[in-house]
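Listed here are the chains, written in short residue letters.
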Amino acid sequence: GVFNWNISSRLKDIKQPTLIIAGEEDGATTVAHNQFLADNIPGAQIKVYKDVGHFCQLERPMDFNADLEGFLARVA
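On a predicted model such as this, the values are computed, not experimentally measured, just so you know.

Enquirer: I'd like to hear about the side chain of Asn 34, residue by residue, with values.
Expert: With respect to the secondary-structure elements, Asn 34 resides in helix H1 (residues 31-40). From its side chain, Asn 34 meets the backbone oxygen of Thr 29 in a polar contact 3.1 Å long. Non-local contacts of Asn 34, meaning those with residues more than four positions away in its chain, are made with Ile 20, Ala 22, Thr 29 and Ile 46.

Enquirer: I'd like a rundown of the confidence of the model for the protein chain, residues and numbers included.
Expert: With 97% of its residues at a pLDDT of 70 or more, the protein chain has an overall mean of 94. Least confident of the elements in the protein chain is H1, whose mean pLDDT is 96; most confident is strand S2 (residues 45-49), at 98.

Enquirer: Talk me through unusual backbone geometry; I want residue IDs and the actual numbers.
Expert: At Asp 51, a residue that is not glycine, the phi angle is positive and equals roughly 55°. Tracing the backbone through its elements, the reader meets Asp 51 in the loop between S2 and helix H2 (56-59). The exposure class assigned to Asp 51 is exposed, which follows from its relative accessible area of 64%.

Enquirer: Which residues make up the environment of Phe 64, and what values do they have?
Expert: Note on placement: Phe 64 falls in helix H3 (residues 61-75). Along the chain, Phe 64 and Thr 18 lie 46 residues apart, while their C-alpha atoms are 15 Å from each other. The residues contacting Phe 64, other than those within four sequence positions of it, are Ile 21, Tyr 49, Cys 56 and Gln 57.

Thresholds, definitions, all that
- Residues numbered from 1 in each chain as written.
- Predicted model: local features only at pLDDT ≥ 70, side-chain atom pairs only at ≥ 80, totals over all residues.
- Heavy atoms only, no water.
- Helix = DSSP H or I, 4+ residues; strand = E, 2+ residues; numbered from the N terminus.
- Polar contact = N/O pair within 3.5 Å; in protein donor to acceptor, adjacent residues only side chain to side chain.
- Contact = heavy atoms within 4.5 Å.
- pLDDT = per-residue confidence, 0-100.
- Buried < 20%, exposed > 50% of the residue type's maximum accessible area, 1.4 Å probe, protein only.

Next up, the structure:
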């Protein structure tokens, strides 16, 4: 289901601050897919972790938490 769900035309309507965190080795949602999100959501930021797959929060929890905390501090 999720692979056939295309909302790309609505990404421009997202008004909330957006941080996209991606793993360079993610085969499910590739860096190119995540970059598309970042390019089409106004003001979105993207962070890509090297040598990480789909579960950034599990594979690099310290970096993930630091990046998320920094993002939340900037937008709060």
